[in-house]
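Chain by chain, the residues run as shown.
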Amino acid sequence: MIQNLPCDWFKGWRGLIARLDGISAPNPGAPREWRASFINRRAARTALEHILAWPIERVLIAHGEPATANGALFVKNAFVWLLGEGSPDYER
């Protein structure tokens, strides 16, 4: 669900779309079309809160650089769209 592609991964209009889609570093996230597929957001938030209770130290993702520290904050910031909180504050 989390993508965090380097800013220079895509060139030209594809880079712009990736940034607008919310999948470019330094702000990890899920593509907007995936976000729209979450019909039962209450259930999704409950599941995410359960995950955030885990002692997450590091996060390895398929699309982007891993988070080698502050794993829980990385995951929380990737799902800020679901939690309805302010802007991401993740720092590597």
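Before reading on, note that the structure itself is shown above.
What this report covers is the structure whose coordinates are included nearby.

### Here's the deal with the overall build of the protein
Alright, step 1. Helices and strands together make up the secondary structure of the protein, namely five helices and two strands.
Alright, step 2. Here the C-alpha radius of gyration of the protein, 13 Å, is about what a compact globule of 92 residues would show, namely 12 Å.
Alright, step 3. Each of the three principal axes of the protein carries a C-alpha extent, and together these read 40 × 30 × 25 Å.
Alright, step 4. When burial is assessed residue by residue, the protein has 35% of its 92 residues classed as buried.
Alright, step 5. Restricting to contacts in the protein with at least 6 residues of sequence separation, those with at least 24 account for 44%.
Alright, step 6. About 6100 Å² of surface is accessible on the protein, with carbon and sulfur atoms providing 58% of the total.
Alright, step 7. Put simply, the protein has 11 plus and 9 minus side-chain charges, and the middle of one group is 6 Å from the middle of the other.

### Structural notes on the environment of I61
Alright, step 1. Mapped onto the elements of the fold, I61 is located in the loop between α3 (41–52) and β2 (63–64).
Alright, step 2. For I61, a relative accessible area of 13% puts it in the buried group.
Alright, step 3. As a C-alpha pair, I61 and I51 span 10 residues in sequence and 15 Å in three-dimensional space.

### Examining the pattern of salt bridges
One side chain can pair with another of opposite charge once the charged atoms of both are near each other.
Alright, step 1. As enumerated under the stated definition, the model contains one salt bridge in all.
Alright, step 2. For R58, the salt bridge goes to E57, with nearest N and O atoms at 3.5 Å. Just as R58 is exposed, E57 falls in that class too.

### A look at the packing of aromatic side chains
Alright, step 1. This structure, assessed with the given rule, holds two aromatic pairs.
Alright, step 2. Aromatic side chains F38 and W81 sit 5.3 Å apart centroid to centroid with 70° between the ring planes, which places their arrangement in the edge-to-face category. With F38 in the loop between α2 (32–36) and α3 and W81 in helix α5 (residues 80–83), this residue pair connects regions lying 43 residues apart in the sequence.
Alright, step 3. Seen in terms of ring centroids, F79 and W81 are 6.0 Å apart; in terms of plane orientation they differ by 40°. Their pairing is tilted.
Alright, step 4. With a relative accessible area of 10%, F79 lands in the buried category.

What counts and how
- Residue numbers here run from 1 along each chain, matching the order of that chain's written sequence.
- Where totals are concerned, whole chains, interfaces and linings use all residues; where local detail is concerned, this predicted model gives features only for residues with pLDDT of at least 70, and gives and counts side-chain atom pairs only at 80 or more.
- Each side-chain value is derived from all of the structure's non-hydrogen atoms; neither hydrogens nor water enter the calculation.
- A run of DSSP states H or I qualifies as a helix once it reaches four residues; a run of E qualifies as a strand once it reaches two. Both are numbered from the N-terminal end.
- It is over C-alpha atoms that the radius of gyration is taken, and the globule rule equals 2.2 Å times the number of residues to the power 0.38.
- The buried label goes to any residue with under 20% of its type's maximum accessible area, the exposed label to any with over 50%, and the partly exposed label to all in between, with areas taken from a 1.4 Å probe on protein chains only.
- Note on contacts: a residue pair qualifies if any of its non-hydrogen atoms lie within 4.5 Å across the two residues.
- What sets the accessible areas is the Shrake-Rupley method with a 1.4 Å probe; for residues, cover comes only from the shown protein chains.
- We treat Lys and Arg as the positive residues and Asp and Glu as the negative residues; His and chain ends play no part in the count.
- Positions of charges follow a simple convention, taking NZ of Lys, CZ of Arg, CG of Asp or CD of Glu.
- Any Lys or Arg side-chain nitrogen found within 4 Å of a carboxyl oxygen on Asp or Glu counts as a salt bridge.
- Only Phe, Tyr and Trp rings are paired, with Trp represented by its six-membered ring, and only when their centres lie within 6.5 Å; those with planes under 30 degrees apart are stacked, over 60 edge-to-face, the remainder tilted.

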